[in-house]
Amino acid sequence: MNCEATLTEMRYEAPETLDAAIGLIGAETGVAKVFAGGTDVLVQMHLDQIEPDLIVDVKNIAEMREVVEQDGSWRFGAAVTGKELMDNPEFNVAWPGVMDGVRLIGSVQVRGRATVGGNLCNASPAADSVPPMIAADAIASVVGPNGRREVPMAEIITGPRKTSLADGEIVVSFNLPKRPPNSGDAYLRFTPRTEMDIAVVGCGVNLTLDSDGTCTAARVALGAVADRPLLVEDAANALIGTKVDDDALEQLAVAASAACNPIDDKRGTIEYRTEVAGVLAQRATTKALERAKS
Amino acid sequence: MGRAPSPFATKIPYEEKDLKVIGSNPTARGDAVDKVTGRARYASDIKLPGQLMGRVLRSPHARANIISIDVSEAEALPGVKAVVCRDDFPDMEVEHAASGELMVNFRDVTRNMMARENVLYDGHPVAAVAAISDAIAKRALKLIKVEYEVLPHVIDVRDAMRPDAPVLHEDQFTKGVDPKPEKPSNIAARMESKLGDIEKGFEEAEIIIEREYNTKPVHQGYIEPQASIANYTEGGIAEVWTGTQGHFVFRAQIAKLLKMDLSKVKVIPTELGGGFGGKNNVYLEPLAVVLSKKSNRPVKMVMDRDEVFRATGPTSGTNVRVKMGCTKEGRITAAQAELNYQSGAYAGSSLPLATITVFTRYDLENVSVVGHDVTTNRPKVAAYRAPGAPMVAFGVETVVDEMARECGMDPIDFRLKNAAKEGTQTHFGPKLGPVGYIQTLERAKAHPHLQEKLGPDQGRGVASGFWFTLGAETSATVNIGEDGTATLIFGTVDVTGGSRSAFGMIVAEELGIPFEKVRTMSGDTSALGFNFMTAGSRGTAAGSMAAVTASRKAIARMCEIAARKWEVEPDQVVWEDGRARPAGANVGDFEPMTVAELAKEAAWFGGSIAGHAEINVAQGGPGFGTHVVDVEVDRRTGGVKILRYTLIQDAGKAVYPEFIEGQFQGGAVQGIGTALNEEYIYNDKGVLENPGFLDYRVPVASDVPFINTEIVEVPNPDHPYGIRGIGEVPIIPPLPAIANAIHDAVGIRLRDHPMSPPKVLKALKDKMVEDLASRGTAAE
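Parameters and conventions
- In every chain, residue numbers begin from 1 and rise along the written sequence.
- Each chain gets a letter, beginning with A, and each ligand a number, beginning with 1, in the order they are written.
- Given that this is a predicted model, residues contribute local features only at a pLDDT of at least 70 and side-chain atom pairs are listed and counted only at 80 or more, while totals for whole chains, interfaces and linings are drawn from all residues.
- Under the DSSP-based scheme used, a helix requires at least four consecutive residues in state H or I and a strand at least two consecutive residues in state E, with every element numbered from the N terminus.
- Within these notes, the globule rule equals 2.2 Å times the number of residues to the 0.38 power, and the radius of gyration is based on C-alpha atoms.
- Counting other C-beta atoms within 10 Å of each residue's C-beta, where C-beta atoms are placed from the backbone, gives the exposure class: buried for 20 or more, exposed for 12 or fewer, partly exposed between.
- Whether two residues are in contact is decided by their C-beta atoms, placed from the backbone, lying within 7 Å.
- Following the grouping adopted for this structure description, the nonpolar residues are Ala, Val, Leu, Ile, Met, Phe, Trp, Tyr, Cys and Pro, the charged ones are Asp, Glu, Lys and Arg, and the polar ones are all others, Gly among them.
- The predictor rates its confidence in each residue with pLDDT, a number between 0 and 100.
- Think of it this way: DSSP has to see at least two bridges between two strands before they count as a pair.
- To obtain an axis, a line is fitted to C-alpha atoms, over the contacting stretch when the element is a helix, and the angle between two such axes runs from 0 to 180 degrees between their N-to-C directions.

A. Focus on the overall build of chain B. What chain B contains, in helices and strands, is 19 helices and 28 strands. Over its C-alpha trace chain B gives a radius of gyration of 28 Å, about what one expects of a compact globule, namely 28 Å for 780 residues. Its C-alpha atoms give chain B principal-axis dimensions of roughly 100 × 75 × 55 Å. Taking all 780 residues of chain B together, 57% fall into the buried category. Sequence-distant contacts, at least 24 apart, represent 80% of the contacts inside chain B between residues at least 6 apart.

B. Structural view of the interface of chain B and chain A. With 20 residues of chain B at the contact, the number on the chain A side is 18 residues. Of all the secondary-structure elements, those providing two or more residues to the side of chain B that touches chain A are helix H4 (134-142) and helix H19 (757-779) of chain B. With three residues, the single largest contributor to the side of chain B that touches chain A is H19(B). Classifying every residue of the side of chain B that touches chain A by side-chain character gives eight nonpolar, six polar and six charged.

C. Here's a closer look at the environment of B:Ala463. All names here are of chain B. Along the chain, the position of Ala463 falls in strand S18 (residues 458-467). Ala463 gets classed as buried once you count the C-beta atoms within 10 Å, which come to 31. On a C-alpha basis, the gap between Ala463 and Val396 in space is 9.4 Å, while along the polypeptide they are 67 residues apart. In contact with Ala463, other than residues within four places in its own chain, are Ala393, Glu397, His627, Pro733, Pro736, Ala737 and Asn740.

D. Layout of the confidence of the model for chain A. With 97% of its residues at a pLDDT of 70 or more, chain A has an overall mean of 95. A low-confidence stretch, residues 1-7 of chain A (pLDDT under 50), is modelled with eight contacts involving residues beyond four sequence positions or located in other chains.

E. The arrangement of the pairing of strand S15 (residues 318-326) of chain B in detail. Residue and element names in this part refer to chain B. Within S15, eight of the nine residues are buried, which leaves the element mostly enclosed by the surrounding structure. Pairing geometry for strand S10 (residues 207-215) and S15, over nine bridges, is antiparallel. Bridging from a neighbouring strand, Ile207 pairs with Cys326 of S15. Where S15 lies against strand S16 (residues 332-344), nine bridges are found, and the strand directions are antiparallel. Bridged to Val322 within S16 is Ala337. The hairpin formed by S15 and S16 contains five residues between the paired strands, and Gly330 there has a positive phi angle of roughly 90 degrees.

F. Expanded view of the sheet that holds strand S10 (residues 170-176) of chain A. Residue and element names in this part refer to chain A. Pairing in this open sheet of five strands is antiparallel, and the strands run S4-S5-S10-S6-S7 from one edge to the other. The open sheet has two edge strands with one neighbour each: strand S4 (67-70) and strand S7 (147-152). Taking each pair of neighbouring strands and ignoring which way they run, the sheet shows an average axis angle of 20 degrees.

The following block contains the structure:
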């Protein structure tokens, strides 16, 4: 009923091409909102946090709905739902850590609608799919009135509800690089509830081992411990060149906690988040390590 | 509550007999199909021709005087049909009445539904609008200009009790203190409950433990937000469809608040999407009636979830001090408690109930309880399943656990040694009749759960709970159709979704017809005599007494029909196995008549068949339960996982066992949520920060294990089938049981609720520091 009354005063468009979508958004003088799963947009409308004049549903745009593998690298559309990714066995084998994050978004019902693109563009520092995508070194393909640009995942969110996207730009798809052998990734979050919750701390780890088990490459990303998801190079450096032993894990925890710059809020305290970030970094690394070895 | 037992109240002695229907699990649960197919009609599903949508403007301040309210711009907005504020409602004198387990004062009720002189919490209603659409109503709210004088506020119960605290009510002088205090304060009332000689009790004690506990307010967590639709007609009649636990009490309150005759207000209870005590109070109903009167149109009002959290009553936040003493052999000699209960913006928390039941699980000689009812700048508290009990059990049951350990006794054995039983003098008044507490402890001890091995950082906790069950006014009608089927019209709202089936089973048992031949339906306020609220676990316990009484009157009528047909006296006819039969061979050789046969001939023999009950039920049978829980504590994050849970409770007689198990499990899950994560979080401005289920964390299904249940059956002697109330006991033990289990797992005693991960982690670190320090001392 809320919805009905609000929607009658608002335009809804579902273009089939990127050009059309960019054109619609560019021509709108009021507030335009890109709409994929709607699991954030509709909630924010119900709560009167946003009052869009134009909704541009991007689910009819082919590039935004595809999941494609080519020579070991993957590209998936920003409007692909969590459930669709979960139902893709090859992608789950390739990027289990990214899927750890996707699987934690909302609930079964929410994942049937929610998308990684939406999770990113909603720009919550606690978005669950973002740290593992940063750890995976994913590149977002962004299209706007001035054409296309490729942006590292970590550079999209710049603060709570803020992104580096220019006016009229849309995140269209994500590219994940081909993985070397003996690689593994993992994402863990801490929440008081097991589901339907927002990360108090989240940590994504992606690492590669050489044949004798020494870590040759690593990326560690943290969520919900700063105004944006963080790529923590010091934490990765604590792992690189080691066998990921207890000493390395200890250094990793120290580096992860040191990178935190959280706030006290209803979901957690500074002290708690800082400490648990180190714990989760260790646990996510252990899980990624198991996957790299298996 | 608060009323003397009436000598005219109804008791029907327990009748031991073979049962055909009661105790079985019918597959055709009365409410299930409509609920799962979406056909069940909740208040927000009701639509009337020409209806308007109503919305409430709420205070953004925790405390402020209202200088002025200007509604002129809102009234001028096209589509707005009525705007109301304080000027549209008559002021009320101080007058107390029971509303569920808690008492209300009409002077406060009218102020709580629509602020008058001041606002006293974030979300306090200030004005209401009815418009042709919800969007226009919302827009109109933004056009209402309210000038506030913001005042200092107080949220926490201990802060509110300090002498320098901002005082909410200048006319509030602590009741129950002699002489009357010279200055007003936030302490609305002081109460006591005493038994024996507490000083002597502590002198006899060899072990004395005293602890302090703090709990946050928690929400009932009903899924359906408050919703009402009112239609005020030119004839001065108001009809109100609403989600309520007691439509007769709501009728009385609406009539009182709007100065109408009871006979001119009709309240129709709609299907209820959860109550747990939270639907015991009027919020929207009087506003909708007055908006309807002013606009001449039906007005529907539905709260958003954030309004539910900000402006309807949760349970009290509390500060509790418990001091208990026992001998080394584990006999409790003294039990003392101080209870400070936050009541919200207006006086009247669950304190009276808590004060008198703090220690009723134990057979005690010396008890002393003092309680304070304290006003704070939060919504007025409401009942929540065993109102006031879980918080105080948190204290008592963990102190009992500490005492058991000090004595070197198993916590169940310790409880067995002190358990309340038939003849135990309670500190709330009566001696207990036959009760099943000891049986719950013995069954817990024998349960396979106790054989499960615990791993590292895992622990086991035990706790028990007690709740008494209300009786009160209850009415019902049984109508026998011409085809011999029966319809029960009941007036105690089916809050749980199970009592209507239980009633049907009881009517079937009484009449001797199959359960499928009995339809049960809720009657509105015009259909039956007054029914008190479904509160205090009384729904099935008291409602079934009316169902039995009405059934027996219908049976008497059927015997009369048979007697007239057979031309014998009515007392020469008996009712057996669903048939009227001659009382003996000397009466005559008549073929027994079934309900259907009697119904067919009823008209000729005087008119159709019905039975009515308008009774005041004496009591619903006190209940006891014991819970055992296993937890695992994550030492590095402070997360607590519930591994195993077993609940054993006395139900008197389980009418519908599967449903009782469901009730038990629901109570345990609510208790688990309370224990681990649920709390209202206010910021320094007194504004609620988590008014929704995202950040107010009730458990989700994956947070809890399967809850094992066992039903003990010690019959209630004042009920023909032995039924006891069962709804409230299951929520009492989880909080202390989990606290005890956490201690068993990792050695920390948590006394600040909720036992959320940051608190657990901090307690673990504090303990590590302490342990290191004591080891250091030992080394020196």
